[in-house]
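# Coordinates in review
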Amino acid sequence: IGEKSLFTKELENALERNEVDLVVHSLKDLPTTLPAGFTVGAVCKRENPFDAVVFHPKLAGNKLETLSENSIIGTSSLRRAAQLKKLYPHLEFKDIRGNLNTRLKKLDEHENFSAIVLAAAGLCRMGWQDRIGQILSPEECLYAVGQGALAVEVRAKDQHILNMVSALQDPQTVLRCIAERSFMRRLEGGCSVPVAVCTVLQDSQLYLTGAVYSLDGSECLKETMQTCVVFPNEEGECPDDDAQHVGITALGVPHKALEAAETLGADLANLLIRKGAKEILTVARQLNDAR
């Protein structure tokens, strides 16, 4: 739409004027660099981060692979379209916009779309799990940076509120999301280019898979890296308690773990950049701007 913080600006204005003390966002709506004076004080436990397919009521029981030739799938996401075009060349992908209610209404009341692709998290939070006809696996569709996680944004210097919201912090989710956001920031990605991720925290290891795509999905660079994120909380960490990592202040999570997660994201992005990611994303951005 042409403005990076379109969906968050009004809320941040209220925060700045001290009209509110905290605001809640979908983390994937927040840029990786926040305006001065703000920070994400907590990232809540992540809902299902994967994408879901909702089928037209007449096509219930189908999967994407079983839909007939030239069936139209609605999605406003370049990331989803790029991955699914490659996987399901027999389908057509067209933009569909609006909030969840609007998109579901467009699907149900018209014959334009055979199915639409949405974040599973939004459907689950609204209690509409029964509309999900298919959950897309990471092999089919990597998800968006921060998808499924809620972020609590606060004033960066308001220590009382920072301490209060830190009780909402989910350490596993925050480490995964810092790695994802660091990957995105190093690539200088955003909604206008197809960048996708998947993170897994297992034992002491954080695994980050990241990918960039051309708009039609024909070009793809995808790699996985891992790092250790289990460290003891050390004495003497207090002076840097408000240090931000890609816009997130994570009180109570060991600094070494936060730094390791942020470094992992940047290292994976650098690997893809060396393989030509910037060139793919530049072309994707130009083509998208020209549409």
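Residues numbered from 1 in each chain as written. Predicted model: local features only at pLDDT ≥ 70, side-chain atom pairs only at ≥ 80, totals over all residues. Heavy atoms only, no water.

So the rule is basically this: UniProt positions are given in the numbering used here, feature names are shortened, and annotations may be inferred rather than shown by experiment.
Identification of the protein chain as hydroxymethylbilane synthase from Aquarana catesbeiana is taken from an unreviewed UniProt entry. On record in UniProt, under Cofactor (unreviewed entry), the comment for the protein chain is "dipyrromethane".

## So, the packing of aromatic side chains
Inclusion rule: Pairing of aromatic rings covers Phe, Tyr and Trp, the last counted by its six-membered ring, and requires centre-to-centre distances within 6.5 Å; plane angles under 30 degrees mean stacked, over 60 mean edge-to-face, and any other angle means tilted. Secondary structure is summarised from DSSP: a helix means a run of H or I of at least four residues, a strand means a run of E of at least two, and numbering begins at the N terminus for each.
For the coordinates displayed, the defined rule picks out one aromatic pair. An angle of 80° between the planes, with centres 5.2 Å apart, marks the rings of Phe-50 and Tyr-143 as edge-to-face. Of this pair, Phe-50 sits in the loop between strand E2 (38–43) and strand E3 (51–55) while Tyr-143 sits in the loop between strand E7 (134–135) and strand E8 (150–155), and the two are 93 residues apart along the sequence.

## A short note on the pattern of salt bridges
Counted only if it meets this: Any Lys or Arg side-chain nitrogen found within 4 Å of a carboxyl oxygen on Asp or Glu counts as a salt bridge. Summary of the burial criterion: residues with accessible area below 20% of their type's maximum are buried, those above 50% are exposed, and those between are partly exposed, where the area comes from a 1.4 Å probe applied to protein chains only.
Applying the stated criterion across every chain yields a total of 11 salt bridges. The residue Asp-51 makes a salt bridge to Arg-80 at a minimum N-O spacing of 2.8 Å. Residue Asp-51 is located in strand E3, and its partner Arg-80 is located in helix H2 (residues 78–87); the two are separated by 29 residues in the primary sequence. Of the two residues, Asp-51 and Arg-80, neither departs from the other in class, the shared state being buried. Its salt-bridge partner being Lys-58, residue Glu-111 comes within 3.2 Å of it at the nearest N-O pair. One end of the pair, Glu-111, is in the loop between helix H3 (100–109) and strand E6 (115–119); the other, Lys-58, is in the loop between E3 and strand E4 (72–74), and 53 residues separate them in sequence. Since its relative accessible area comes to 65%, Lys-58 is described here as exposed. Here the salt bridges do not stand alone but share partners, grouping Asp-21, Arg-155 and Asp-158 into one network.

## Some points on the sheet that holds E8
Cut-off, in case you're wondering: Between any two strands, pairing holds if DSSP finds at least two bridges. An axis is simply a line fitted to the C-alpha atoms; with a helix, the fit covers only the stretch in contact. Between two such axes, the angle follows the N-to-C directions and lies from 0 to 180 degrees.
Ordered in space as E1-E8-E2, the three strands form an open sheet in which the pairing is antiparallel. Whereas interior strands pair on both sides, the edge strands pair on one side only; in this sheet they are strand E1 (23–26) and E2. Strand after strand, the sheet turns through a mean of 40° between neighbouring axes, direction not considered. Relative to E8, E2 runs antiparallel, the two being bridged by five bridges. Its bridge partner lying in E8, Val-43 is registered against Ala-151.

## A few points about the domain arrangement of the protein chain
Rule in force here: An automatic or database domain assignment supplies the residue ranges for each domain. The term buried area denotes the loss of accessible surface (1.4 Å probe radius) that occurs when two parts are joined, taken as the sum for both partners. In the analysis that follows, any N or O atom pair within 3.5 Å is treated as a polar contact, provided that within protein one partner can donate a hydrogen and the other can accept it, and provided that, for residues neighboring in sequence, both atoms belong to side chains.
In terms of domain boundaries, the protein chain breaks down into domain 1 (4–48 + 145–290) and domain 2 (51–121). Just the C-alpha atoms count here: the centres of domain 1 and domain 2 sit 27 Å apart. Interface area for domain 1 against domain 2, summed over the two sides, is near 1,000 Å², with a carbon-plus-sulfur share of 59%. Summed over the three residues of domain 1 that lose the most area to domain 2, namely Gln-147, Tyr-213 and Leu-215, the buried surface amounts to 35% of that side. Here domain 1 is connected to domain 2 by three residue pairs in polar contact (both at pLDDT 80 or more).

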